[in-house]
Amino acid sequence: MKILWTPKVISVLILGVAIIGSYILNSSNTQESVIVKTEPKGESVEEYNKRKKAEAESSKKSAASQKTSLTIDGRDPATGDIIDPLNLWANYETRTYARKVGHGEIVTLIKREGDGVLIETESGQRGWITYFFIKEYK
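Conventions we followed
- Residues numbered from 1 in each chain as written.
- Predicted model: local features only at pLDDT ≥ 70, side-chain atom pairs only at ≥ 80, totals over all residues.
- Heavy atoms only, no water.
- Helix = DSSP H or I, 4+ residues; strand = E, 2+ residues; numbered from the N terminus.
- Buried < 20%, exposed > 50% of the residue type's maximum accessible area, 1.4 Å probe, protein only.
- Contact = heavy atoms within 4.5 Å.
- Areas by Shrake-Rupley, 256 points an atom, 1.4 Å probe, with all protein chains shown as cover.
- Pairing = 2+ DSSP bridges.
- Salt bridge = Lys/Arg side-chain N within 4 Å of Asp/Glu carboxyl O.
- Polar contact = N/O pair within 3.5 Å; in protein donor to acceptor, adjacent residues only side chain to side chain.

## Notes on the overall build of the chain
No. 1: Along the chain, the regular secondary structure elements total two helices and six strands.
No. 2: Going residue by residue from the N terminus, the α and β elements of the chain occur as α-α-β-β-β-β-β-β.
No. 3: A buried classification covers 17% of the 138 residues belonging to the chain.
No. 4: Within the chain, contacts between residues separated by at least 24 positions form 46% of all contacts whose residues are at least 6 apart in sequence.
No. 5: When the accessible area of the chain is evaluated, it comes to approximately 11,100 Å², of which 57% is carbon and sulfur surface.

Spelled out as structure tokens, the structure:
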């Protein structure tokens, strides 16, 4: 079967119009990026550093005033027995003995690193204990 030249020409023209129309629609929808210039606040680098330092110091003071209280729980999860007193470690890695702390004693959280929790007793002594001996972490 032989295809006449007129349908070929018409289909090529329709395809060309569709391509041109698509290009026009896409080019009108794209937006060029706009560069926004901001005006400087008028503070020097030295003033900025002073302001940031003051902000950091005030946030440290507010964090220090919000101490987290924790309760020592000497209940052994394996047996259910209460271990009293519990050891506090001066160095959690090597388990260097520091002092003892009693079951039910209220302590202050200093920091937590992995399984170890650095706490401070009411008498001001610090030491490390494993997290599962703290009621709030169970």
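Picking up after the structure, the text goes on.
## Details of the side chain of threonine 71
No. 1: You can see threonine 71 is positioned in strand S1 (residues 69-71).
No. 2: Excluding residues that lie within four positions of it along the chain, threonine 71 makes contacts with Gly104, Glu105, Ile106, Phe133, Ile134, Lys135 and Glu136.

## Let's talk about the pairing of strand S5 (residues 116-120)
No. 1: Of all five residues in S5, four are buried, a share of seventy percent or more.
No. 2: Bridge analysis of strand S4 (residues 106-113) against S5 gives five bridges, and the strand direction is antiparallel. Directly across from glutamate 113, in S5, lies its bridge partner glycine 116.
No. 3: Joining the antiparallel neighbours S4 and S5 is a turn of two residues, in which glycine 114 adopts a positive phi near 65 degrees.
No. 4: In this structure, S5 lies alongside strand S6 (residues 126-130), joined through five bridges in antiparallel fashion. The residue of S6 that forms the bridge with valine 117 is isoleucine 129.
No. 5: Linkage of S5 to S6, two consecutive antiparallel strands, is achieved through a turn of five residues, within which glycine 124 is found at a positive phi near 95 degrees.

## A closer look at the pattern of salt bridges
No. 1: Per the stated rule, a full pass over the model turns up five salt bridges.
No. 2: As a salt-bridge pair, glutamate 46 and lysine 50 come within 3.9 Å of each other at their nearest N and O atoms. Here glutamate 46 pairs with lysine 50, and both are found in helix H2 (residues 45-65), just four residues apart, close to one helical turn. Considered together, glutamate 46 and lysine 50 belong to a single accessibility category, that of exposed residues.
No. 3: With a closest N to O distance of 3.1 Å, arginine 126 and glutamate 120 form a salt bridge.
No. 4: Overall, arginine 126 belongs to the partly exposed group, its relative accessible area being 48%.

## Let's talk about the pairing of strand S3 (residues 96-101)
No. 1: The sheet contact formed by strand S2 (residues 86-91) and S3 spans five bridges and is antiparallel. Looking at the pairing, asparagine 91 lines up with threonine 96 of S3.
No. 2: Counting the residues in the hairpin turn of S2 and S3 gives four residues, including arginine 95, whose phi is positive at 55 degrees.

## Brief notes about the side chain of threonine 130
No. 1: Here threonine 130 shows up in strand S6.
No. 2: Taking the relative accessible area as the measure of exposure, threonine 130 reaches 12% and is therefore buried.
No. 3: In terms of polar contacts, threonine 130 uses its side chain to reach the side chain of tyrosine 92, at 3.1 Å.

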